[in-house]
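# Topology and contacts: notes
What follows is the residue order along each chain.
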Amino acid sequence: MALFEEMQQAIIDGKAPVVKELTQKALSEGVKPADIFPKAIVPAMDEVGRRMRDCEFFIPEVLIAARAARAATDILRPLLVSDEAARPAGAVVCCTVKGDLHDIGKNIVAMMLESAGFSIIDLGADVSPEKIVQAVREHNANLVALSALLTTTMVNMKSVIEALTAAGLREQVKVMVGGAPVTESWARLNPLGFAVKMFPAVTHSLFARKCPTPSFAD
Amino acid sequence: MRIEQWQLFKKVAKSGQADRVPLSLIIDSPWMPGCLGINHLDYYFDPEVWFDSNLRILKEFPDVIVFPSWWAEYGMAIEPSALGCRIHFAQDQPPSQIPGLVRLEDLDEFQPVDPEADGLMCAALHRYRTQKKRIFEAGYTIPVVTARGPLCTASFMRGVTPFMMDLIDNPDGVHKLLAYITDVTIRWLRAQAEAIGGSVEGVFILDDIPGFLSRQHYLEFAHPYLKQIFDSFPKAWVKVYHNDASIGPFLEDLADVGFDVLNWTFKLEVEEVRKRTNGKIRLMGNIAPMDIGVRGSPQEVKTATLNLLRRVGREGIILSVGGGVSPGMPGANIAAMAEAVREFNSQ
C-alpha cells in the first residue's frame with residue numbers, strides 16, 4: 001500500500017526516475033503488473049486532472065506528471081500483453097490534423113489516456129485523413145482523438161469524419177476533438193466528442209465497462 | 001490605417017479618453033488571403049499582391065483601424081526563420097515552423113542574429129523599405145513595429161511540449177534561451193523602426209504561451225522578459241500586448257509589464273479585466289472571434305457589439321474581437337461590427 005502511495009506521489013510530482021525505480025521495486029516484490037495501473041497510475045493521473053481543473057496545475061506540471069506515468073507504463077506494457085484482464089482499455093488513434101504542426105494538446109491527451117490504460121497509436125502532427133483511416137483499420141481502434149491549434153486547420157477535422165464515413169468506419173469509432181479554437185458548439189455542429197478537461201479514470205472506467213460512448217465532462 | 005485613425009488609437013491608448021470608441025481589428029495573413037480568395041504564397045511573396053490585398057481591405061472597411069497597419073509578416077514564421085527553424089509553406093494557409101533547437105545546450109553554438117540578413121526578417125525589412133513610399137502616398141501610415149514574444153519564439157525553437165517541460169527540468173537553460181531571444185526581439189523591432197522610418201511610434205508584441213503557465217512560472221519566465229522588451233522603447237510610444245490564452249492566473253501582474261493596451265481572450269469579461277488591472281491599461285476587445293465573429297450572422301454581430309459597448313461604456317475601450325480576426329470571419333460581419341460602433345458613437 002505504501003509503495004502505491006509513494007508511486008502516486010512521484011507521478012504527481014513528475015519524478016520519472018523515481019517512478020521507474022518504484023515500478024521495478026514493486027515488480028521485484030511480486031506485485032502483479034495489472035495491479036499497478038488501477039492502484040497507482042490511474043489515481044495519480046486522476047489527481048493530476050483534478051489539480052489542472054482547479055488551476056493548481058498548469059501545462060508544464062501536467063506534462064511532467066504524464067511523462068513520469070509513462071516511465072511506469074513503458075515497463076508494465078510488455079508484461080501485460082498476455083494478461084487478458086489487463087488488456088488495454090481501448091485503442092486510440094491520436095494526431096494533430098493535416099496542416100497543423102502544433103502537438104502539445106495531442107501529446108497531453110495521448111499521455112493522459114496512455115496512463116489510464118489505453119493503447120495509443122500516435123500518428124504525430126500534420127496527418128492526412130487517409131493515414132488516420134488506415135491506422136483505425138490496422139489497429140482496430142475504437143477512439144480517434146484529433147487536435148488542432150489553428151482556426152485554419154480545425155476545419156480539417158471534418159475531413160477526417162468524412163473519410164471515416166466513406167471508409168465505413170464511422171460506427172466503429174468515436175471521435176474526440178480538442179484544441180484552442182475548438183469549442184463545444186463547434187463540436188456539436190459536427191457530431192464530435194469534445195473534451196475540455198480529461199479525467200483518465202472516467203474514460204478508463206467507461207471503456208472497462210465496454211461502454212461504447214465515452215462522455216467527456218467539462 | 002490612416003494617420004487620423006492612429007491618432008485616435010493613440011489617444012485612447014494613452015489617456016483612455018476619446019469622443020468616440022475606435023474599432024480596431026488585428027488583421028493578418030491567417031484571414032486576409034482567404035477572405036480575398038487569393039493564394040497564401042502569392043500574398044507572402046508577391047509584393048504587388050500584398051499591397052493590393054491590404055489596400056482592398058482598407059478601402060472595403062474604412063471605419064476599421066487595421067492593426068498593426070501594413071504588416072510585413074509571414075504567419076508566425078519570421079522570428080523562428082532567423083533562429084534555425086525550418087519553415088514549411090503551404091498554398092492555402094500560413095506557414096508552420098519546425099523546431100530547430102534539439103537541445104537547450106545547442107544555443108551555445110548559435111551566432112548572433114542579424115535582422116538585416118537573417119531569414120524572413122530580411123524579407124520583411126525589404127518589403128517595408130520598398131513599399132513604404134507608395135503606402136504613405138496612398139494616405140496610410142505604418143506606426144507600429146511587431147514581433148512575437150520571447151516565450152512564443154522559444155516554443156517555436158524548441159517545440160511547445162519540450163519547452164513546457166524545460167521550464168521545470170532546466171530553468172537555467174530556459175533563462176539563457178529567453179535572454180537570447182529577448183535580445184534578438186529588441187534588435188528585430190529596432191530594425192523595423194529603422195526600415196520604416198519616422199512614422200513609427202508604437203510596438204506590438206504577441207505571445208500566447210504565458211497563458212499556459214501558473215502565476216509563479218509567469219513571474220519567473222515571462223514577466224521580466226516581456227517587460228524588458230516594452231521598456232526598451234520610448235515611454236511615449238504606444239505599446240500593445242496580445243495574449244488570448246488563459247491570462248487569468250496573472251492578470252493583475254500584466255498591469256505592470258509596461259504596455260498600454262491589452263488584446264485578450266473573450267473568455268474574460270471587460271469588467272473583470274478592468275477591475276483586476278485597476279484601470280491601469282486600456283482594453284482592446286472582446287467580441288468572441290469564432291462563436292460570434294465567424295459563426296454569427298451580421299445581425300448577431302451587431303447585437304453583440306452594441307450590447308458590449310452599452311454595458312462597458314466608452315472609457316479605455318478599443319472595440320475589437322478577443323484575439324485576431326479568425327479565418328472565415330465574413331466581411332459582412334466586420335461591416336456589422338463597424339455599423340454597431342458607428343451607431344453607438346452617434347448616441
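About the cut-offs
- Residues numbered from 1 in each chain as written.
- Chains lettered and ligands numbered in written order.
- Predicted model: local features only at pLDDT ≥ 70, side-chain atom pairs only at ≥ 80, totals over all residues.
- Heavy atoms only, no water.
- Buried < 20%, exposed > 50% of the residue type's maximum accessible area, 1.4 Å probe, protein only.
- Helix = DSSP H or I, 4+ residues; strand = E, 2+ residues; numbered from the N terminus.
- Pairing = 2+ DSSP bridges.
- Contact = heavy atoms within 4.5 Å.
- Buried area = accessible area lost by both parts, 1.4 Å probe.
- Salt bridge = Lys/Arg side-chain N within 4 Å of Asp/Glu carboxyl O.
- Polar contact = N/O pair within 3.5 Å; in protein donor to acceptor, adjacent residues only side chain to side chain.
- Nonpolar A, V, L, I, M, F, W, Y, C, P; charged D, E, K, R; others polar.
- Axes fitted to C-alpha atoms, helices over the stretch in contact; angles between N-to-C directions.

Our focus in this paragraph is the pairing of strand β6 (residues 202-206) of chain B. Residue and element names in this part refer to chain B. Along β6, five of the five residues are buried, which leaves the element largely enclosed by surrounding structure. Here β6 shows two buried faces, one formed by Gly202, Phe204 and Leu206 and the other by Val203 and Ile205. Taken together, the five bridges between β6 and strand β7 (residues 238-243) define a ladder with parallel strand orientation. The residue bridging Ile205 from the neighbouring strand is Tyr241, located in β7.

With that settled, consider unusual backbone geometry. The linkage connecting Phe67 of chain B with the following residue, Pro68 of chain B, adopts the cis geometry, with an omega of 0 degrees. With respect to the secondary-structure elements, Pro68 of chain B resides in the loop between β2 (65-67) and α5 (78-81). The amide bond that connects Gly285 of chain B to the next residue, Asn286 of chain B, takes the cis arrangement and shows omega of -20 degrees. Of note, Asn286 of chain B is situated in strand β9 (residues 282-287). Notably, Cys55 of chain A is not glycine yet its phi reads approximately 60 degrees, a positive angle. Within the fold, Cys55 of chain A resides in the loop between α3 (33-53) and α4 (59-80).

In this section: the interface of chain B and chain A. Counting from both sides, the interface comprises 24 residues of chain B and, opposite them, 22 residues of chain A. Of the roughly 2,000 Å² buried at the junction of chain B and chain A (both faces included), carbon and sulfur atoms supply 67%. Along the contact surface separating chain B from chain A lie one salt bridge. Across the pair Asp169 of chain B and Arg67 of chain A runs a salt bridge whose closest N-O atoms are separated by 2.7 Å. At the junction of chain B and chain A, the tally comes to three residue pairs in polar contact (both at pLDDT 80 or more). Those elements giving two or more residues to the side of chain B that touches chain A turn out to be β4 (96-98), α8 (160-169) and α13 (289-294) of chain B. Examining the composition of the side of chain B that touches chain A, we find that seven residues originate from one element, α8 of chain B, more than from any other. Looking at the side of chain B that touches chain A residue by residue, the classes come out as 13 nonpolar, eight polar and three charged.

Residue and element names in this part refer to chain B. The parallel open sheet is built from six strands, whose spatial order is β5-β6-β7-β8-β9-β10. In the strand order of this sheet, the two ends are held by β5 (144-148) and β10 (317-321), each with one partner. Mean inter-strand twist for the sheet, computed between neighbouring axes without regard to direction, equals 20 degrees. The strands that helix α10 (residues 215-231) touches are β6 and β7; relative to β7, the one it contacts most, it runs at about 150 degrees.

Next up on the list: the pattern of salt bridges. Considering all chains together, one arrives at 32 salt bridges over all chains under this definition. Linking Lys302 of chain B and Glu339 of chain B is a salt bridge whose minimum nitrogen-to-oxygen distance equals 3.0 Å. One end of the pair, Lys302 of chain B, is in helix α14 (residues 298-312); the other, Glu339 of chain B, is in helix α15 (residues 331-346), with 37 residues separating them in the sequence. Between Glu343 of chain B and Lys302 of chain B there is a salt bridge, with its nearest N and O atoms 2.9 Å apart. Separated by 41 residues along the polypeptide, Glu343 of chain B in helix α15 and Lys302 of chain B in helix α14 bring together distant segments of the chain. You can call Glu343 of chain B partly exposed: its relative accessible area is 29%. Take Lys302 of chain B: its relative accessible area is 15%, and that puts it in the buried class. Look at the salt bridges and you will find they share partners, linking Glu47, Arg50, Arg51, Arg53, Asp54 and Glu56 of chain A into a network.

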